[in-house]
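Here's the letter readout for the chains.
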Amino acid sequence: MCGIAGIALHDTRRDLNAVLRKMTDHMAHRGPDGEGVWTEGNIGLGHRRLSILDLSEAGAQPMEDPQARYVLSFNGEIYNYQEIKTELKEYSFSSTGDTEMILAAYDKWGPDCLLRFNGMFAIAIWDRHKKELFLARDRMGIKPVYMYQANGTFLFASEIRSLLQSGEVPAKLNRDALSEYLQYYSVNSPNTLIDKVYMLGAGAYLYWRAGETEEQTYWSLADQGQQSWDMSYEDLCRQNLDLLQDSVERRMISDVPLGAFLSGGIDSSAIVALMARRSEAAIHTFSVVFDEKEFDESTWSSMIAQKYQTSHHPIRLSPDDFLKELPDALDAMDHPSGDGINSYVVSKATRDMGFTVALSGLGGDELYAGYPVFKQYQQVRAMKALYSVPGFIRKAGAGIMGSVSKGPKVDRMKQMLSLPSQQFEALYPIFRQVFSQKEIDQLITYSSEGFSLKNILTFLELEKVNLMPDFSQVSVGEMSTYTQNVLLRDTDQMSMAHSLEVRVPFFDHSLVEFALGVSDKDKEPSFPKKFLVDSLGDLLPEEVVFRKKMGFVFPWIEWLKGPLKPLADKSIEQLAQRDIIQGDYLRDYWQRFLKGDSSIYWVNIWTLVVLEYWLSKHKIDA
């Protein structure tokens, strides 16, 4: 895991070395073990190294191939690199890691090499012969690549702040993306909150040639789940377990200390159980524990640790400890998000104990119908008779509902009743709203519908998604939006703030491809994540399977009215003074929350606080 950066110009007027040094210096946290800059004419690549495989200088980057045709800067891990090397016998390797394998694979297969890679990655390769820059991102979008292009200048980096520190990218707010941030908790790829800064799509690659870019998709979630598996439930469970076991084993390769996050929930417990099956040494596990029983999950994490005889590291925190970390966590946000503080705290504690790599249970809920939204979506989709009623009648009913009752849930139901159909692209985005469009119109001073999820999801070839089972449709929606652009982005920025690599076995593309083809009947969560649990057999105790799901349920309402109130007061007032915001409405909104208005959720307030903190810290021209 590392940080990459690059710049390509039409001319050579700038000192590219100096520009790249600025960019890589602001990603030092991503790679404290080494740095490198390579420039030639109008092209330059930069790198910050976090040594995981091949700790010697032979693994340093940017890296050139023996023929000096290609130059590579790479972030991530290719877990099956040893297998691929067996197909590259004509190449004389001088290192033992995965980086040089990428050069050899690209030389032999071009962009088709990506289809052979199993891993998480952001790859940049300069071809001296063709004078073209190749950028690629892994299938699930685990590793980010941000890009900027204007006036003959093209830059890319692992983080937005690296682009901003280059001196080439104006720190100007993307106003349309602000509307999206308010509506959905974050901004979805390819957009960001910075004007003219975009993300390379998940499962995509891009060529830059003489100032022009061309992007292609090599893998899409929409192409998965089209098949229904012709096998018994028992065989489905067996196949699921085999694929998950393989995924875990791949992610255990490391030349540095490795452990696992263990909350005591189904997903993290499954990962630890499968790690223990294939490890001769005790697995190191990390759990956050609390004295407060309403937060604490140590009963279940200790149960798993004892069952699999792990070397367990409880990380005891109080709510006050958590609050003390908050300013540093906010400073670590490369792109604002209403989530992510939890990842910061756990990653810091794990790294402080001397570990560089940790496996996470992130992804189990998305694959195996673990969120409430799966059943909610299925229930609405089952109301086929309701949607046979003429639209004007349903809209009238929605209007009556709105006059009788208020609040975000009522607003969502009104929107659903007003839809012309139950198609995925229209229905799913409503489940992911934080602020409604009505609230956004009252909050901002300009007219903007933002980049709605309905529009963003169009890249998915919706005719294919609409043919999938209901649960698979929600999985695709989650993984394409909230998972990629909140959970995975937060995991990346918060773990890399401490130079910790986090690996996510549930997002192995082979496992994802399989799970999306499993029917709703087989994935029906009659108890939590039944299909996954049945696949695991007796690996998990019943106490873990049937426990109440907790997570980090901290008292945010009380905090925002108590110890976090000074920060919130300051942030809300500063945001209210910006010309993009209806100041009087925002001040009133904040006061209504403080007085206990149940229609205003704490997450709405926190989303605004984080936004203003980020705008101020990075001096964004809003």
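Refer to the preceding data block for the structure.
Residues numbered from 1 in each chain as written. Predicted model: local features only at pLDDT ≥ 70, side-chain atom pairs only at ≥ 80, totals over all residues. Heavy atoms only, no water.

**Structural notes on the pairing of strand 8 (residues 146-150)**
Across the five residues of strand 8, four count as buried, placing the element largely inside the fold. Two elements, strand 8 and strand 10 (residues 197-199), share three bridges in a ladder whose sense is antiparallel. For methionine 147, the partnering residue across the bridge sits in strand 10 and is tyrosine 198. With antiparallel pairing between neighbouring strands as the criterion, strand 8 and strand 9 (residues 153-157) make up a hairpin whose turn holds two residues, including asparagine 151 at a positive phi of roughly 55°. (Buried < 20%, exposed > 50% of the residue type's maximum accessible area, 1.4 Å probe, protein only. Helix = DSSP H or I, 4+ residues; strand = E, 2+ residues; numbered from the N terminus. Pairing = 2+ DSSP bridges.)

**Observations regarding unusual backbone geometry**
Cis geometry marks the peptide bond from glutamine 61 to proline 62, where omega comes out at -5°. In this structure, proline 62 sits in the loop between strand 3 (43-49) and strand 4 (63-64). With an omega of 15°, the peptide bond between serine 189 and proline 190 qualifies as cis. Mapping proline 190 onto the fold places it in the loop between helix 5 (175-184) and strand 10. Of note in the backbone geometry, lysine 131 takes a positive phi value of approximately 55° without being a glycine. With respect to the helices and strands, lysine 131 occurs in the loop between strand 6 (119-127) and strand 7 (132-137). For alanine 210, which is not glycine, the phi torsion reads 50° and is therefore positive.

**Overview of the packing of aromatic side chains**
For any pair of aromatic rings, the description consists of the separation of the ring centres together with the inter-plane angle of the planes. For the structure on display, the rule yields 26 aromatic pairs. Between tyrosine 70 and tyrosine 106, the aromatic rings sit 5.5 Å apart at their centres with planes inclined by 80°, giving edge-to-face as the arrangement. Residue tyrosine 70 is located in strand 5 (residues 70-78), and its partner tyrosine 106 is located in helix 3 (residues 99-109); the two are separated by 36 residues in the primary sequence. By relative accessible area, which is 4% here, tyrosine 70 ends up buried. The buried category is assigned to tyrosine 106, whose relative accessible area is 5%. Put simply, the rings of Tyr70, Tyr106, Phe134, Tyr205, Tyr207 and Tyr218 touch in pairs and so form one group of aromatic residues. Of note, arginine 209 hangs over the ring of tyrosine 207, and the distance from its end group to the ring centre comes to 4.4 Å. (Phe/Tyr/Trp six-rings, centres within 6.5 Å; stacked < 30°, edge-to-face > 60°. Lys NZ or Arg CZ within 6 Å of the ring centre and 35° of its normal.)

**Quick word on the packing of helix 6 (residues 233-250) against helix 7 (residues 266-277)**
Their axes nearest at 9 Å, the elements helix 6 and helix 7 cross at an angle of 75°. By the angle between their axes, helix 6 is roughly perpendicular relative to helix 7. From helix 6, Leu241, Leu244, Gln245 and Val248 reach across to helix 7, where they touch Ile271, Leu274, Met275 and Arg277. Residues of the contact of helix 6 with helix 7, tallied by class, amount to six nonpolar, one polar and one charged. (Axes fitted to C-alpha atoms, helices over the stretch in contact; angles between N-to-C directions. Parallel < 35°, antiparallel > 145°, perpendicular 65-115°, else oblique. Contact = heavy atoms within 4.5 Å. Nonpolar A, V, L, I, M, F, W, Y, C, P; charged D, E, K, R; others polar.)

**Observations regarding helix 19 (residues 470-496)**
Threonine 483 marks the point of greatest bend in helix 19, at about 60°. Within helix 19, 27 of the 27 residues are buried, which leaves it mostly tucked inside the rest of the structure. (Bend = angle between axes of the 7 residues up to and from the residue.)

**Quick notes on the nonpolar core**
With 197 residues, the main nonpolar core has Leu114, Phe117, Ile123 and Leu178 as its most contacted residues. Contact partners of leucine 178, with chain neighbours within four places excluded, come to Leu173, Leu193, Ile444, Tyr446, Ile580 and Leu611. (Core = buried A, V, L, I, M, F, W, Y, C linked by side-chain atoms within 4.5 Å.)

**What about the state of the cysteines?**
Under the defined criterion, the tally for this structure stands at zero disulfides. Just so you know, cysteine 2 is unpaired, no disulfide at all, and the nearest cysteine sulfur is the one on cysteine 113, 18 Å from it. You can call cysteine 2 buried: its relative accessible area is 5%. When its relative accessible area of 2% is taken as the criterion, cysteine 113 is described as buried. (Disulfide = S-S within 2.5 Å.)

**Digging into the side chain of glutamine 484**
Of note, glutamine 484 is situated in helix 19. Separated by 3.5 Å, the side chain of glutamine 484 and the backbone oxygen of methionine 140 make a polar contact. Those residues in contact with glutamine 484 that lie beyond four places of it in its chain are Met140, Ala202, Glu478, Met479 and Arg489. (Polar contact = N/O pair within 3.5 Å; in protein donor to acceptor, adjacent residues only side chain to side chain.)

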